[in-house]
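An overview of the molecular structure
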Amino acid sequence: MSILPVKSKISADQVLKISPFKEVIKPTVPHKHAGYFELIVLSDGAGEHLIDDIVYEVSHPVIFFLKPGQTHCWDFTRIPKGFVLLFKEELLSADLLPIIYQLNTQIYLSGDSGYLSLLTLFNEEYRRGADVKILTAYLRLLLEKTDALARQAPRPPAHALYYKFKSLLYTNSIRLTRVQEYADTLGISSNRLNLICREACGKSPSAMLNERLLLEAKTLLASTNGSIKEIAHTLQFTDTSHFVKFFKAATNLTPGVYRDLLIAKG
């Protein structure tokens, strides 16, 4: 059994893309977008947006910000209108990285902030084939305005390696299964990674890894027909019983009971 589908709406040679949001209300299936960030701005629409394990109400105007590897799907009840902005990390300067890795998943637009007007101008410049330097300037301004809108919410202290670790968790939650592997990828010791995470969010890297693993397990149980054994194998548990123990310790439910409850809820 394979993990959730990974979709790409940007070609390998593109670093940025902006386009109008598809004005349809057909529900989508849970999927991931790997290798790029997705900034979704809706000026109209209603329904639900499932991101990882959380259901967000679509109440316009609203911004949704997805980091690489996050799982999401839509269930609209009114035709959405807005824009989708895709961009890769390589386009960003070092000082922007801490900003984007701590941005809220959902940010409401209120008042006349000029945000939608800026986004419209950005789209027009992109359609005209503006130079990448101009588009990058628009992107920077838009991200800074997004950060200003989200600044009212409490956030952890910035630390570049902490946000890099979070990014690795999103993109490599299945392939990498041990904290030491993440520390090696970041070029630091596991003790240093532990200190960074505890200072930034009060959690150990192993706790964060387990949270991501549990989220992946819940998503697979909810959106695929794979057996418990197949899901355990996908998540790289050496034995199905170990997976069941891990899941029950975190939820007080076995994977099978969790899936049955989801089915019962309809």
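All chains use their own residue numbering, which begins from 1 and follows the written sequence. Note on the predicted model: pLDDT of at least 70 is required for a residue's local features to be given, and 80 or more for side-chain atom pairs to be given and counted; whole-chain, interface and lining totals, by contrast, use all residues. The basis for every side-chain value is the complete set of non-hydrogen atoms in the structure, without hydrogens or water.

1. Some remarks on the layout of surface pockets
Rolled over the atoms, a probe sized like a water molecule indicates the empty space that remains. As a volume, the second largest pocket reaches approximately 520 Å³. Each helix is a run of DSSP H or I of at least 4 residues and each strand a run of E of at least 2, with the numbering of both proceeding from the N terminus. For the lining of the second largest pocket, the secondary-structure elements that each account for two or more residues are strand 2 (16–20), strand 3 (31–33), strand 4 (37–51) and strand 7 (71–87). With five residues, strand 7 is the single largest residue contributor to the lining of the second largest pocket. Residues are said to line a cavity or pocket when one of their atoms sits within 4 Å of a point; the points come from a 1 Å grid over protein atoms alone, cavities being sets where a 1.4 Å probe fits but cannot get out and pockets being open sets with protein on both sides within 12 Å along at least five of seven lines. Grid points are joined across faces, edges and corners, and a volume is the space filled by probe spheres set on the points.

2. Focus on the pairing of strand 6 (residues 62–66)
For strand 6, the tally of buried residues reaches five of five residues, placing the bulk of the element in the interior. Partly exposed describes any residue whose relative accessible area lies between the buried limit of under 20% and the exposed limit of over 50%, with all areas from a 1.4 Å probe on protein chains only and scaled to the type maximum. What you see with strand 6 is no split at all: V62, F64 and L66 on one side and I63 and F65 on the other are buried throughout. Pairing between strands is defined by DSSP: at least two bridges between the two strands are required. The pairing of strand 4 with strand 6 spans five bridges and is antiparallel. Each residue of the ladder has a partner; that of E38, found in strand 6, is L66. The sheet contact formed by strand 6 and strand 8 (residues 106–108) spans three bridges and is antiparallel. When the sheet's bridge partners are listed, F64 is paired in strand 8 with Q106.

3. Some thoughts on the environment of L193
Along the polypeptide, L193 turns up in helix 6 (residues 190–201). Note: C-alpha distance between L193 and V179 (14 residues apart in sequence) is 8.6 Å. Note on contacts: a residue pair qualifies if any of its non-hydrogen atoms lie within 4.5 Å across the two residues. Residues in contact with L193, not counting those within four places in the same chain, are F165, V179, Y182, A183, L186, I188 and P205.

4. As for the environment of L119
Tracing the chain through its elements places L119 in helix 2 (residues 115–127). Along the sequence, L119 and L142 sit 23 residues apart, while their C-alpha atoms lie 7.4 Å from each other. Excluding residues within four positions of it along the chain, L119 makes contact with I18, V41, F83 and L142.

5. Points about the pattern of salt bridges
What counts as a salt bridge is simple: a side-chain nitrogen of Lys or Arg found within 4 Å of a carboxyl oxygen of Asp or Glu. This model, assessed by the stated rule, comprises eight salt bridges. A salt bridge links K164 to E89; its shortest N-O distance comes to 3.2 Å. With K164 in helix 4 (residues 160–172) and E89 in the loop between strand 7 and helix 1 (97–101), the pair connects residues that are 75 residues apart, well separated along the chain. K164 gets classed as partly exposed once you look at its relative accessible area, which sits at 34%. Residues E211 and K203 are paired through a salt bridge, measuring 2.9 Å at the closest nitrogen-oxygen approach. Among the residues examined, E211 registers a relative accessible area of 41% and is labelled partly exposed.

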